[in-house]
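# Commentary on secondary and tertiary structure
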Number of protein chains: 2
Amino acid sequence: MRYPNHTKEPSDHLQVFEQACKSAGLKITHQRTEVFKELAKADDHPSAEIIYSRLKKKLPTLSIDTVYRTLSTLEKQGLISKVQTVESQARYEFNNEHHHHLICDNCHEIIDFDWQAFDDYPLPKELSNWGHIKEKKAILHGLCHKCSEKKG
Amino acid sequence: MRYPNHTKEPSDHLQVFEQACKSAGLKITHQRTEVFKELAKADDHPSAEIIYSRLKKKLPTLSIDTVYRTLSTLEKQGLISKVQTVESQARYEFNNEHHHHLICDNCHEIIDFDWQAFDDYPLPKELSNWGHIKEKKAILHGLCHKCSEKKG
DNA sequence: TTTCGTGCAAAAGTTTTGCAGTCTA
DNA sequence: TAGACTGCAAAACTTTTGCACGAAA
């Protein structure tokens, strides 16, 4: 779901997809296109298994491996993104105080920080009818100094 | 890691832990205490496997199952939290535009929304030396109307 | 003593990989 | 046709569960 609703046409998405495949040297295969289209039209942030089950009727020979591989490929190209996960293993922290996260996309180090101004900031009014919001957190992603240097 | 640094003493954490166990009817076992202490003193958001490996020297008979079970129990009590994960399966989305996420902790529905005011807001200055921040995202958690009603 | 927790082992669930045949460019 | 992609099968990795013994209250 999305507030406000999408404005772009599906055909625009396909063009972006084909363009991105070409410039990355990726072949435009039937399976790849269908996985992409299924995700582009979905508004519920589906998992690999869900995409697989939705496509199974249309593409009975499709395998789950291909879905995993395709999602991983498209993510590397920046065409799609994984929601809210850092790595395969779950990571924990002791809940002492409310705080925010800054994550290095290369070494996956997580920095906690405070941001009072954000905590005090009012939420967008479209969200007022959604339900009860319990937590409000900022997640920043980037490349830390150590990793920038390593990469030259 | 954390900006700014922690202020509380480890002994305070232990008291909170013991209090929470008592009021939840959980026994204060050796393993449970050690897993908790290990996480409370860690500043790197470790996974279950990492906590296990750190404790193995001190508690050679500890099993990984116990670490998983303990983390899960403590999370249910609200003493600790999982970082950045929604569910066990990764979930994807098509990257059309920058946006933020509102997640129902019960049904796991994810709502995308725009928040221009947040996007324009300056970052805390402590972060200016960290490296290169590429993305800045708000993640809200709560209970949606549908789920509030279901639960009464 | 009673109940809960742990360790062991096995299973379940998620994702990745090697390989040989197939398809795209 | 060459190289990339797919499907199959198997493996790897992460997490959960049943059970019997051991430990906490």
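In what follows, the structure referred to is the one given above.
First, a word on scope: everything that follows refers to the structure included in this document.

## Examining the protein's contact with DNA strand D
- In the region of DNA strand D, 18 residues are neighbours, and Q31(A), R32(A), D65(A), T66(A) and Y68(B) sit closest.
- Of everything in DNA strand D that lies within 4 Å of the protein, sugar and phosphate atoms constitute 63%.
- Within the side chain of K27(A), one N or O atom sits 3.3 Å away from a base nitrogen of DNA strand D.
- Secondary structure elements with two or more residues in the surface near DNA strand D: α2 (30-41) and α4 (64-76) of chain A together with α4 (64-76) of chain B.

## Considering the packing of helix α3 (residues 48-55) of chain A against α4(A)
All names here are of chain A.
- It is the contact of α3 with α4, at a shortest axis distance of 9 Å, that shows an interaxial angle of 125°. Compared by their axis directions, α3 and α4 come out oblique. Note that α3 runs across α4; the crossing there is right-handed. Residues A48, E49, I51 and Y52 of α3 touch α4, and the partners they reach there are I64, V67, Y68 and L71.
- The residue inventory of the contact of α3 with α4, partitioned by class, reads 7 nonpolar, no polar and 1 charged.

## As for helix α3 (residues 48-55) of chain B
Residues and elements named next belong to chain B.
- Residues A48, I51, Y52 and L55 constitute the buried set of α3. The arc that holds the buried residues of α3, viewed along the axis, is 100°, so those residues lie on one side.
- Where α3 is buried, its residues contact α2 (30-41) and α4.

## A look at the packing of aromatic side chains
- Under the defined criterion, the tally for this structure stands at 12 aromatic pairs over all chains.
- Geometrically, the ring pair formed by F118(A) and F118(B) is tilted, given 5.0 Å between the ring centres and 50° between the ring planes. A residue pair is termed interchain when its members come from two chains, as with F118(A) in helix α5 (residues 116-120) and F118(B) in helix α5 (residues 116-120).
- Measuring from ring centre to ring centre gives 6.4 Å for Y121(A) and W115(B), while their planes differ by 50°; the resulting arrangement is tilted. Taken together, the residues span two chains, with Y121(A) in the loop between α5 and β6 (131-144) and W115(B) in the loop between β5 (110-113) and α5.
- It is K136(A) that lies over the ring of F118(A); its NZ or CZ is 5.2 Å from the centre.

Calculation criteria
- Here the residue index of a chain counts from 1 through its sequence in written order.
- Here every chain gets a letter starting at A, and every ligand a number starting at 1, in the order they are written.
- With the structure being a predicted model, the display of local features is reserved for residues of pLDDT at least 70 and the display and counting of side-chain atom pairs for 80 or more, all residues being used for whole-chain, interface and lining totals.
- Values shown for side chains rest on all heavy atoms present in the structure; no hydrogens or waters enter the calculation.
- What makes a residue near a molecule or strand is one non-hydrogen atom of that residue sitting within 4 Å of it.
- Any pair of N or O atoms that falls within 3.5 Å is considered a polar contact. Within protein, one atom must be able to donate a hydrogen and the other to accept it, and sequence-neighbouring residues count only if both atoms are side-chain atoms.
- Strands here are runs of E lasting at least two residues and helices are runs of H or I lasting at least four, both read from the DSSP assignment and numbered beginning at the N terminus.
- The axes used here are C-alpha line fits, helices contributing only the stretch in contact, and every angle between their N-to-C directions lies in the interval 0 to 180 degrees.
- Angle categories: roughly parallel below 35 degrees, roughly antiparallel above 145, roughly perpendicular from 65 to 115, and oblique for all the rest.
- Note on convention: the crossing is left-handed when the near helix lies turned anticlockwise from the far helix by less than a right angle, right-handed when the turn is clockwise.
- Whether two residues are in contact is decided by their heavy atoms: any pair within 4.5 Å suffices.
- In the scheme used here, Gly and all other residues not listed as nonpolar or charged are polar, with Ala, Val, Leu, Ile, Met, Phe, Trp, Tyr, Cys and Pro taken as nonpolar and Asp, Glu, Lys and Arg as charged.
- Partly exposed residues are those whose accessible area sits between 20% and 50% of the maximum for their type, while under 20% is buried and over 50% is exposed, using a 1.4 Å probe and protein chains only.
- Comment: arc refers to directions from the helix axis out to C-beta atoms.
- Aromatic contacts are taken between Phe, Tyr and Trp rings whose centres are within 6.5 Å, Trp giving its six-membered ring; a plane angle under 30 degrees counts as stacked, one over 60 as edge-to-face, and the others as tilted.
- The rule is short: NZ of Lys or CZ of Arg within 6 Å of the ring centre and within 35 degrees of the ring normal puts a charge over the ring.

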